[in-house]
Amino acid sequence: MSEQDHEGPAVTHAKSSRDAQDAFRAVVPDDARVSVRPMFGSVAAFANDQMFMCLFADELYYRLGEEDRTGLEAAGGRALEPMPGRPMREYVGLAEWRSRTVPSREWAERALAYAISLGPKKK
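What counts and what doesn't
- Residues numbered from 1 in each chain as written.
- Predicted model: local features only at pLDDT ≥ 70, side-chain atom pairs only at ≥ 80, totals over all residues.
- Heavy atoms only, no water.
- Helix = DSSP H or I, 4+ residues; strand = E, 2+ residues; numbered from the N terminus.
- Buried < 20%, exposed > 50% of the residue type's maximum accessible area, 1.4 Å probe, protein only.
- Contact = heavy atoms within 4.5 Å.
- Areas by Shrake-Rupley, 256 points an atom, 1.4 Å probe, with all protein chains shown as cover.
- Pairing = 2+ DSSP bridges.
- pLDDT = per-residue confidence, 0-100.
- Phe/Tyr/Trp six-rings, centres within 6.5 Å; stacked < 30°, edge-to-face > 60°.
- Lys NZ or Arg CZ within 6 Å of the ring centre and 35° of its normal.

Caption draft 1: Representation of the overall build of the protein chain within the structure. The helix and strand tally for the protein chain stands at three helices and six strands. The secondary structure elements of the protein chain, listed N-terminal to C-terminal, are α-β-β-β-β-α-β-β-α. Every one of the 123 residues in the protein chain was classed for burial, and the buried ones make up 38%. Of the contacts formed within the protein chain by residues at least 6 apart in sequence, a portion of 55% connects residues at least 24 apart. Within the structure as shown, the protein chain displays about 7,300 Å² of accessible surface, and the carbon and sulfur contribution to it stands at 49%.

Shown next as structure tokens:
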């Protein structure tokens, strides 16, 4: 069966390049509460076991509260959709994030603050 014949959304998990992963690590806040772990064939940052930023392919996404999410979307941000038509709630990407290191770091700090405000993830 060809991809066009397949019913339902096609799922593609393109792995992130080493350069994007290195750039991601440079943006992750330097905070003892933060860990970087594998996710989506790439890497993601966690605090309190809550994911607050991740790479999907070579695109960076932040988990933000409603006000910050609206602000980033107004600045051209886009929702994280690992499967077409199935966005991950609260995650918004920053366009051209590698060439915009100051805003990238500022959004990372906001995402970290939001994750910490959620408290530890319930297991």
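Caption draft 2: Expanded view of the sheet that holds strand 5 (residues 78–79). Ordered in space as 1-2-3-4-6-5, the six strands form an open sheet in which the pairing is antiparallel. Of all the strands in the sheet, the pair left with one neighbour each is strand 1 (34–39) and strand 5. When strand 3 (residues 50–56) meets strand 4 (residues 59–63), the two strands line up antiparallel, connected through four bridges. Bridged to Cys54 within strand 4 is Tyr61.

Caption draft 3: Molecular detail of the confidence of the model for the protein chain. Summarising the model, the protein chain shows a mean pLDDT of 86, and 89% of its residues fall at 70 or more. Low pLDDT (under 50) marks residues 1–11, which in the prediction has seven contacts with non-local residues, meaning those over four places away or in another chain.

Caption draft 4: Broad picture of the pairing of strand 4. Taken across its five residues, strand 4 has four buried, putting it largely inside the fold. In sequence, strand 3 turns back onto strand 4 through a hairpin of two residues, with Ala57 there showing a positive phi of about 60°. The pairing of strand 4 with strand 6 (residues 91–93) spans three bridges and is antiparallel. Opposite Tyr62, over in strand 6, you have Val92 as the bridge partner.

Caption draft 5: Representation of the packing of aromatic side chains in the model. Under the definition given, this model contains zero aromatic pairs. The aromatic ring of Phe46 is capped on one face by Arg37, whose charged end is 3.7 Å from the ring centroid. The lysine or arginine in question, Arg110, covers the ring of Trp107, its NZ or CZ lying 4.6 Å from the ring centre.

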